[in-house]
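# A look at the structure
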Amino acid sequence: MKIISVDTGNNQYDILIGSELLVKTGVKLKELGFSGKTVIITDMTVNELYGQVLESSLSGAGFETVVFTLEPGEKQKTLANAGRLFTHLSETLADRKTPVLAFGGGVIGDLAGFVAANFMRGLPLIQVPTTLLAQTDSSIGGKVAVDHGKLKNMVGAFYQPGLVISDVSLLKTLSPELLSDGLAEVIKYGVICNGNFFEYLEKNIARIKGFEKAVLEYIVYKSAAIKAGIVAQDEKDNGLRNILNFGHTVGHAIETVSNFTIGHGRAVGLGMLAAGQLSHKLGMFSPNDLARLKKIIGQAGLPVTLPDFKIELILQAMQHDKKVTGGKVRFILAAGIGEAVISDGVSLSLVEQVLSDWNEKT
Ligand SMILES: NC(=O)c1ccc[n+]([C@@H]2O[C@H](COP(=O)([O-])OP(=O)(O)OC[C@H]3O[C@@H](n4cnc5c(N)ncnc54)[C@H](O)[C@@H]3O)[C@@H](O)[C@H]2O)c1
Ligand SMILES: [Zn+2]
């Protein structure tokens, strides 16, 4: 097992990464001083696959456990569901010391995190992420939220967990699509700050796709360490943390225009290619860097051709995004593989050019 200790200045917590960790959850919570009641928030798929293991681990350590199970999917990340969970928590007589376990992918992590952050002004939150995306990204950094209206993550908070338990053996049941989606963020970490890690991904992509535990453990560990390191320096997203948005400016716009039929990871893969091409046009990213980026994204099972959307719509969606001001877009560019650059000076017309050229070529 590997341990990453995160210190944001205001909060300190550990991220545990390894195989067969879920069975140790009860013991780990006891070590943190918890006792009595615990609340698990999960979805039906995860509960069916692994619910029993988690519940026995908790009861084995003397905890009384209450489980709330939601349907799987982004549509569940709503204020209405948060409201239902608040009601359940009141009925369960949860008190301020009752830990809430967010047991699932990023949807459950964000929703359960939001509920934990707000119920009685804050219950302890334990993240038990079960997708590659949740283990490498959403469970770390303390952003919790629900969607509102058409807007994703509109209502939320910064709320750090007390512990993150990432059991990579749970990843074996992920579909290849979900593995690819998570890989987009993993590749992103390599591009924005660690060229050696990017190279590791290039060399080991087949083993990753073969769900080899040791390789998965390594990529979850490296990704979590990179994200935790960035977040520790900028907990509230005022500066450096921006680089985590590499690929997300165009990526979010593609997600929106597709009406969320294109998954986040797939959209971020395309967004990273857009950012790579922009960086290249601005003289920062060599043709070789661009070719490597395109190759690994394709090998990860993510698309590399722009879907047949009107470019105008992508640009419009980008302008609705909070990262756009006065015709200039805040873009995270890459100076090479392993180095991100924050730029406020990318013009929308250059973005338009990149997107149009890309379409013509494909
Ligand atoms: N808070 C943050 O910093 C942050 C960062 C990135 C993404 N997010 C959020 O994360 C969400 C996406 O997360 P996600 O991709 O994990 O989606 P998800 O939570 O919807 O999970 C995807 C699917 O995988 C299933 N699943 C989960 N674990 C499984 C397992 N071990 N085996 C088989 N199936 C499993 C789930 O039931 C679900 O159907 C979005 O809502 C996004 O906004 C948050
Ligand atoms: Zn993302």
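Remember, predicted model here, so these are calculated numbers, not experimental data. (Residues numbered from 1 in each chain as written. Chains lettered and ligands numbered in written order. Predicted model: local features only at pLDDT ≥ 70, side-chain atom pairs only at ≥ 80, totals over all residues.)

## Let's talk about the sheet that holds strand β3 (residues 37-43)
Reading across from one edge, β1-β2-β9-β6-β5-β3-β4 is the order of the 7 strands in this open sheet, with mixed pairing throughout. Edge positions in the sheet fall to β1 (2-7) and β4 (64-70), since each of these pairs with one other strand and no more. With direction set aside, neighbouring strand axes in the sheet form an average angle of 15°. Both β3 and β4 contribute to a ladder of 7 bridges, which runs parallel. Bridge pairing in β4 links V39 to V66. In the packing of helix α2 (residues 44-60) onto the sheet, contacts are made with β3, β4 and β5 (100-104), and the angle to β3 comes to roughly 165°. Against the sheet, helix α3 (residues 79-92) makes contact with β3 and β4, and its axis sits at roughly 160° relative to β4, the strand it touches most. (Pairing = 2+ DSSP bridges. Helix = DSSP H or I, 4+ residues; strand = E, 2+ residues; numbered from the N terminus. Axes fitted to C-alpha atoms, helices over the stretch in contact; angles between N-to-C directions. Contact = placed C-beta atoms within 7 Å.)

## Some thoughts on the domain arrangement of the protein
For the protein, the assigned domains are domain 1 (2-171) and domain 2 (176-361). Contact residues are listed per partner, giving 26 residues for domain 1 and 24 residues for domain 2. Of all elements in the fold, only β1, β2 (12-18) and α5 (132-138) reach the threshold of two or more residues within the side of domain 1 that touches domain 2. The biggest single contributor to the side of domain 1 that touches domain 2 is α5, with 5 residues. Looking at side-chain class alone, the side of domain 1 that touches domain 2 contains 10 nonpolar, 12 polar and 4 charged residues. (Domains from an automatic or database assignment. Nonpolar A, V, L, I, M, F, W, Y, C, P; charged D, E, K, R; others polar.)

## A closer look at the site of ligand 1
What surrounds ligand 1 is a group of 31 residues, the closest being T45, P72, G105, G106 and S138. Taken together, the elements giving at least two residues each to the shell around ligand 1 come down to α2, α4 (106-118), α5, β8 (151-158) and α6 (176-193). Across the shell around ligand 1, the residue classes break down as 11 nonpolar, 12 polar and 8 charged. (Near = placed C-beta within 6 Å.)

## Focus on the nonpolar core
Nonpolar side chains tend to gather and get buried jointly when the protein is soluble and globular. The biggest cluster of nonpolar side chains holds 105 residues, and the ones touching the most others in it are I41, V100, V115, F246 and A275. Taken domain by domain, the makeup of this core includes at least three residues from each of domain 1 (2-171) and domain 2 (176-361). With residues up to four places along the chain from it excluded, the contact list for F246 reads K188, V191, I192, M272, A275, I332, A334 and A340. (Core = buried A, V, L, I, M, F, W, Y, C linked by C-beta atoms within 7 Å. Buried ≥ 20, exposed ≤ 12 C-beta atoms within 10 Å, placed from the backbone.)

## Considerations on unusual backbone geometry
Even without a glycine there, the phi angle at F211 is positive, about 60°. Position of F211 among the secondary structure elements: in the loop between α7 (195-209) and α8 (213-233). With a phi angle near 65°, F260 is a residue other than glycine that sits in the positive phi range. Counting through the fold element by element, F260 comes out in the loop between α9 (248-257) and α10 (264-281).

## Some details on the packing of α10 against helix α11 (residues 287-299)
In contact at an axis separation of 10 Å, α10 and α11 are set at 175° when each is read in the N-to-C sense. In terms of their interaxial angle, α10 and α11 are classed as roughly antiparallel. Contacts between α10 and α11 involve G269, M272, L273, G276, Q277 and H280 on the former and, on the latter, L290, L293, K294 and I297. Its residues assigned to classes, the contact of α10 with α11 comprises 5 nonpolar, 4 polar and 1 charged. (Parallel < 35°, antiparallel > 145°, perpendicular 65-115°, else oblique.)

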